[in-house]
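Descriptive analysis of the structure
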Amino acid sequence: MASALRPVDPLAADGRGWRLAGRLYMAVGYVFLMLPIVTMIVFSFQKGQFASIPGQGWTVQWYGKLFADGTLLAALGNSLIVSPVAATGASVLGFLAGYAIHRFSFWGRGGFSVLLVLPVLIPPLILGVAFLGLLSRIGLQGQILSVILTHMVIITAPAMAVIQLRLGQMPSTLEEAAWDLGATEFQTLWKVVMPFALPGIAGGWLLAFTFSFDEFIVAWFVSGFEQTLPVAVYAYIVGSVDPSLNAVGSIVFGLSMLSLIGVELLLFPILLAQYRSGGK
């Protein structure tokens, strides 16, 4: 009886209301973000030339048309060359830069860190114009190599951020123990530091691959006739309206989600370990 007559705390009730409002706001935000993507995927399986609700039936003909289009297949092939190579180069540079910042104290360390992140902060349009001018002067415009180099500049910072997160968990005593046992600095780097940093390197590679595969503006400036998939899709949209574009978008979204899921799976143990070590 006493519990039934217990007064209600107005602050607690108000807190529950705010939590409910926050959850509703997040739900609306997720629906707002995901609804266009879900709509695109659904329309990629509709029979009609123009998207409509309700549809005229279901088909996979637009995916078949996509894989029969030589231009889009060539662009997809270019993207599957550019993105892995650029992600690999960015991971190597990101590891070397992240290890240098983590391990050594040197003059200009802060400026070096800012310089590496600067391409992410500059608007892509400005970067595209700058890269086009530079590559035109050295005779590399309109080539696959030019796209790879420009993508490496852009995606090194995200790869380095993930790698640095892993390196931050490495005890300095690991390297000291290797040196005490007679290992050289290179052997310590190869046999101690790199195996420890491997999950971060893999996560950085996947994140860099996702950034490179989806990048459009800079690639549009420097690719020339060697178009990547986002550039080819843009040219396709300008020329016509075709339901096969929904199929392209669905495939790109699927590849991006697989890469991001891989990043999350690799980063979760790192973040969990960092959280536990911070709570001690």
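Residues numbered from 1 in each chain as written. Predicted model: local features only at pLDDT ≥ 70, side-chain atom pairs only at ≥ 80, totals over all residues. Heavy atoms only, no water.

Overview of the packing of helix H3 (residues 70-103) against helix H4 (residues 109-121)
- Interhelical geometry of H3 versus H4 gives an angle of 155 degrees and a closest axis separation of 11 Å. One finds that H3 runs roughly antiparallel with respect to H4. Two packed elements cross with a definite hand, and for H3 against H4 that hand is left-handed. Of H4, the residues touching H3 (which contributes Ala 97, Ile 101 and His 102) are Arg 109, Phe 112, Ser 113 and Leu 116. (Axes fitted to C-alpha atoms, helices over the stretch in contact; angles between N-to-C directions. Helix = DSSP H or I, 4+ residues; strand = E, 2+ residues; numbered from the N terminus. Parallel < 35°, antiparallel > 145°, perpendicular 65-115°, else oblique. Left-handed = near helix turned anticlockwise from the far one by under 90°. Contact = heavy atoms within 4.5 Å.)

Let's talk about empty space enclosed by the protein
- Counted by the stated rule, this structure contains one cavity of 30 Å³ or more.
- In this structure, the largest cavity encloses a volume near 80 Å³.
- Every residue along the wall of the largest cavity is listed here: Leu 66, Phe 67, Leu 72, Leu 73, Leu 76, Leu 229, Val 248 and Ile 251.
- Put simply, the parts of the chain that give the lining of the largest cavity at least two residues each are helix H2 (61-68), H3 and helix H11 (244-279).
- For the lining of the largest cavity, the class distribution of residues is eight nonpolar, no polar and no charged. (1 Å grid on protein atoms, 1.4 Å probe; cavity = no way out; pocket = protein on both sides within 12 Å on 5 of 7 lines; lining within 4 Å. Points joined across faces, edges and corners; volume = space filled by probe spheres on them. Nonpolar A, V, L, I, M, F, W, Y, C, P; charged D, E, K, R; others polar.)

Quick word on the nonpolar core
- By size, the foremost hydrophobic cluster in this structure holds 36 residues, and its most contacted members are Leu 72, Leu 229 and Val 248.
- Of all the secondary-structure elements, those providing two or more residues to this core are H2, H3, helix H5 (124-138), helix H6 (144-167), helix H8 (185-214), helix H9 (217-222), helix H10 (229-239) and H11.
- Residues within four places of Val 248 in sequence aside, it is in contact with Leu 66, Leu 72, Leu 229 and Val 233.
- Counting 10 residues, the second largest nonpolar core, distinct from the first, contains Ile 163, Leu 189, Val 193 and Ala 197. (Core = buried A, V, L, I, M, F, W, Y, C linked by side-chain atoms within 4.5 Å. Buried < 20%, exposed > 50% of the residue type's maximum accessible area, 1.4 Å probe, protein only.)

Details of a nonpolar patch on the surface
- Together, Phe 32, Leu 33, Met 34, Val 38, Val 42 and Trp 58 make up a nonpolar patch on the protein surface, roughly 660 Å² of accessible area in all.
- Tracing the backbone shows Leu 33 in helix H1 (residues 10-43). (Patch = residues over 30% accessible without salt bridge, like charges linked within 9 Å, V, L, I, M, F, W, Y side chains within 5 Å. Areas by Shrake-Rupley, 256 points an atom, 1.4 Å probe, with all protein chains shown as cover. Salt bridge = Lys/Arg side-chain N within 4 Å of Asp/Glu carboxyl O.)

Some points on the environment of Ser 244
- With respect to the helices, strands and loops of the structure, Ser 244 is situated in helix H11.
- Once the C-alpha coordinates of Ser 244 and Asp 69 are considered, the two residues, 175 residues apart in sequence, prove to be 9.9 Å apart.
- If we ignore the near neighbours within four places in the chain, the residues touching Ser 244 are Trp 62 and Tyr 236.

Brief notes about the packing of aromatic side chains
- Throughout the structure, instances matching the rule amount to four aromatic pairs.
- For the ring pair Phe 95 and Tyr 99, a centre distance of 6.2 Å and an interplane angle of 15 degrees mean the geometry is stacked. Within this pair, Phe 95 and its partner Tyr 99 are both found in helix H3, separated by four residues, close to a single helical turn. In terms of burial, Phe 95 and Tyr 99 fall into one category: buried.
- Arranged with centres 5.5 Å apart and planes meeting at 10 degrees, the rings of Trp 205 and Phe 209 form a pair that is stacked. One end of the pair is Trp 205 and the other is Phe 209, both in helix H8 and four residues apart, which spans about a single turn.
- Through a chain of ring-to-ring contacts, three or more aromatic side chains come together here, namely Trp 205, Phe 209 and Phe 213.
- Its guanidinium or amino end placed over the ring of Phe 196, Arg 166 lies 4.0 Å from that ring's centre, counting from NZ or CZ. (Phe/Tyr/Trp six-rings, centres within 6.5 Å; stacked < 30°, edge-to-face > 60°. Lys NZ or Arg CZ within 6 Å of the ring centre and 35° of its normal.)

Notes on the confidence of the model for the protein chain
- This prediction gives the protein chain a mean pLDDT of 80; 85% of its residues lie at or above 70.
- Here H11 stands out as the least confident element of the protein chain, with mean pLDDT 73; H6 is the most confident, with 90. (pLDDT = per-residue confidence, 0-100.)

Points about H2
- Every buried residue belonging to H2 is among Trp 62, Tyr 63 and Leu 66, and all of these are buried. Around the axis of H2, the buried residues are gathered within 100 degrees of arc, so they sit on the same side. (Arc of directions from axis to C-beta.)

Points about the side chain of Ser 146
- Relative to the helices and strands, Ser 146 is located in helix H6.
- Assessed through its relative accessible area of 0%, Ser 146 is described here as buried.

Here we look at the packing of H3 against H6
- At a minimum axis distance of 5 Å, the contact between H3 and H6 shows a crossing angle of 45 degrees. By the angle class used here, H3 and H6 are oblique. The interaxial crossing formed by H3 with H6 has right-handed handedness.
- Of the residues belonging to the contact of H3 with H6, the class tally is 20 nonpolar, nine polar and no charged.

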